[in-house]
Amino acid sequence: MSTPRLKERLVALIVLAALLFSPPLLLIADRSAAAPGWLVAYLFLAWGTVIALMAWLMEHRHEE
């Protein structure tokens, strides 16, 4: 991590991950009447999003 901007983006990603996996959002996903497996789908999509954003940040750090 050579740039302060990258550090700021990584901190923002950690905050986003903490918010995505916070109990209030998990309870909303768990109580959704749309489908019984909505919590599993939410967790899978949220985790995949965090991993994809981390990979994108690490790959584009050399372009700055």
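These numbers come from a predicted model, not from an experiment.

## Some thoughts on the overall build of the protein chain
Consideration 1: Of regular secondary structure, the protein chain possesses three helices and zero strands.
Consideration 2: The order of α-helices and β-strands along the protein chain, N terminus first, is α-α-α.
Consideration 3: Residues counted as buried form 19% of the 64 residues belonging to the protein chain.
Consideration 4: Restricting the contact set of the protein chain to residue pairs at least 6 apart, pairs at least 24 apart contribute 59%.
Consideration 5: Surface summary for the protein chain: the accessible area is close to 4900 Å², and the carbon and sulfur share equals 73%.

## Observations regarding the UniProt feature "transmembrane region" (unreviewed entry) in the protein chain
Consideration 1: The UniProt record annotates "transmembrane region" (unreviewed entry) at residues 39-58.
Consideration 2: The span residues 39-58 shows a helical share of 100% and a strand share of 0%, and its end C-alpha atoms are spaced 29 Å apart.

## What to know about the packing of helix α1 (residues 4-20) against helix α3 (residues 38-59)
Consideration 1: The interhelical angle for the contact between α1 and α3, taken along N-to-C directions, is 175 degrees, at an axis separation of 11 Å. The orientation of α1 with respect to α3, classified from their angle, is roughly antiparallel. Residues L6, R9, L10, L13, L16, A17 and L20 of α1 lie in contact with α3, whose contacting residues are Y42, A46, V50, L53, M54, L57 and M58.
Consideration 2: Among the residues forming the contact of α1 with α3, the class breakdown is 13 nonpolar, no polar and one charged.

## A few points about a nonpolar patch on the surface
Consideration 1: Taken together, the side chains of V11, V15 and L19 present a nonpolar region at the surface, about 270 Å² in accessible area.
Consideration 2: Owing to a relative accessible area of 44%, V15 belongs among the partly exposed residues under this scheme.

About the thresholds
- All residue numbers refer to positions counted from 1 along the written sequence of the respective chain.
- Local features in a predicted model are, by the rule used here, given only for residues with pLDDT of at least 70; side-chain atom pairs are given and counted only at 80 or more, and totals for whole chains, interfaces and linings are based on all residues.
- Note: side-chain values were computed over all heavy atoms of the structure, leaving out hydrogens and water.
- The secondary structure listing takes helices from DSSP runs of H or I that are at least 4 residues long and strands from runs of E that are at least 2 residues long, numbered from the N terminus.
- For every residue, the accessible area (1.4 Å probe, protein chains only) is compared with the maximum for its type, and the residue is labelled buried under 20%, exposed over 50%, or partly exposed between those bounds.
- Should any heavy atoms of two residues lie within 4.5 Å, those residues are considered in contact.
- Every accessible area reported is derived by Shrake-Rupley at a probe size of 1.4 Å, with residue values counting cover from the shown protein chains alone.
- UniProt positions are given in the numbering used here, feature names are shortened, and annotations may be inferred rather than shown by experiment.
- The axes are straight lines fitted to the C-alpha atoms, using for helices just the contacting stretch, and the angles between their N-to-C directions are given from 0 to 180°.
- Throughout this description, any angle smaller than 35 degrees is read as roughly parallel, any larger than 145 degrees as roughly antiparallel, any in the 65 to 115 degree range as roughly perpendicular, and the remainder as oblique.
- In this classification, the charged set is Asp, Glu, Lys and Arg, the nonpolar set is Ala, Val, Leu, Ile, Met, Phe, Trp, Tyr, Cys and Pro, and all remaining amino acids, among them Gly, are polar.
- Each patch is assembled from residues with relative accessible area greater than 30% and no salt bridge, linking like charges that lie within 9 Å and nonpolar side chains (Val, Leu, Ile, Met, Phe, Trp, Tyr) that lie within 5 Å.
- One speaks of a salt bridge when a side-chain nitrogen belonging to Lys or Arg is within 4 Å of a carboxyl oxygen belonging to Asp or Glu.

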